[in-house]
Amino acid sequence: EQIIQTDTIKELFYIQNYPELAYCATHCAWQFLGMKSLQNIINGFLAHTKFFENTLLKIIEVTQEKGKNIIVEGVQITPRIYSIIKTKDKIGFFLTIDKQERLRRFELKNNRRSIKNYFWYENVGVIILIDKYLKNEAIKNNIVILENKDIELSIDFIEKQILQKFNDFNSNLQLEKEVMR
């Protein structure tokens, strides 16, 4: 019923004069902590995504209160945020790709732009490190990890998983109602 992209929230942070760390490119957040190191890459990423936590959690809460479903898309919806969402009927997906596919998709995206983004290429190593970190965190938080080699197959898989979760949740509600009678 509702889709939220974290990049939209990032733009709002920019408009509302948040610190630059809040709206910078995720793979550049390490620069606010000093030298490029594994620790600064991860800590920069975490500091960046921390700005999104309260906003995302509030959007999810309000959407739930209205009885609606929501899809949140973006790297800033971290496994940590997923772990503190207070609903039972949630399902999380972490989509990952290998370096070769990532570079191919950078090229596809850049071909559609009037102004090319070369930061992706320059920071592919940082992006891959963040991806590996998130994949490990996803495992810890029981998030479904999906090798996103074919977007159509990925979407089909996600749709089936969501429908199954929705059907399971509704079945459990029916059982609870019957038990209460």
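Up top is the structure.
First, a word on what this report is: a plain description of the structure on this page.

**Focus on the packing of helix H3 (residues 38-65) against helix H7 (residues 124-140)**
1) Next: Where H3 meets H7, the axes come as close as 10 Å, and the angle between the chain directions of the two elements is 70°. In this view, H3 runs roughly perpendicular relative to H7, as classed from their interaxial angle. Where H3 crosses over H7, the handedness of that crossing is right-handed. Between H3 and H7, the contacting residues are Leu 38, Ile 41, Ile 42, Phe 45 and Leu 46 on the first element and Val 126, Leu 129, Ile 130, Tyr 133 and Leu 134 on the second.
2) Next: Residue composition of the contact of H3 with H7, grouped by class: 10 nonpolar, no polar and no charged.

**Things to note about unusual backbone geometry**
1) Next: Positive phi is not limited to glycine here, since Asn 17 has a value of about 60°.
2) Next: Structurally, the position occupied by Asn 17 is in the loop between helix H1 (6-15) and helix H2 (20-23).
3) Next: A residue is classified by how much of its surface remains accessible, and Asn 17, at 67% relative accessible area, is exposed.
4) Next: At Asn 142, a residue that is not glycine, the phi angle is positive and equals roughly 55°.
5) Next: By secondary structure assignment, the location of Asn 142 is in the loop between H7 and strand E4 (144-147).

Rules used in this analysis
- Numbers given for residues are sequential positions, taken from 1 along each chain in its written order.
- Local features are withheld for residues below a pLDDT of 70 in this predicted model, meaning they are given only at 70 or higher, and side-chain atom pairs are given and counted only at 80 or more; totals for whole chains, interfaces and linings count all residues.
- Only hydrogens and water are set aside; all other atoms, that is, all heavy atoms of the structure, feed into the side-chain values.
- Note on geometry: axes are C-alpha line fits, over the in-contact stretch for helices, and angles between N-to-C directions span 0 to 180 degrees.
- To qualify as a helix, a DSSP run of H or I must reach at least 4 residues; to qualify as a strand, a run of E must reach at least 2; elements of each kind are numbered from the N terminus.
- Small angles under 35 degrees read as roughly parallel and large ones over 145 as roughly antiparallel, with 65 to 115 read as roughly perpendicular and the rest as oblique.
- Working rule for handedness: look at the near helix, and if it is turned counterclockwise from the far one by less than a right angle, call the crossing left-handed; if clockwise, right-handed.
- Should any heavy atoms of two residues lie within 4.5 Å, those residues are counted as being in contact.
- Note on residue categories: nonpolar means Ala, Val, Leu, Ile, Met, Phe, Trp, Tyr, Cys or Pro, charged means Asp, Glu, Lys or Arg, and polar means any other residue, Gly included.
- Only protein chains enter the accessibility calculation, which uses a 1.4 Å probe. A residue is then buried if its area is under 20% of the maximum for its type, exposed if over 50%, and partly exposed in between.

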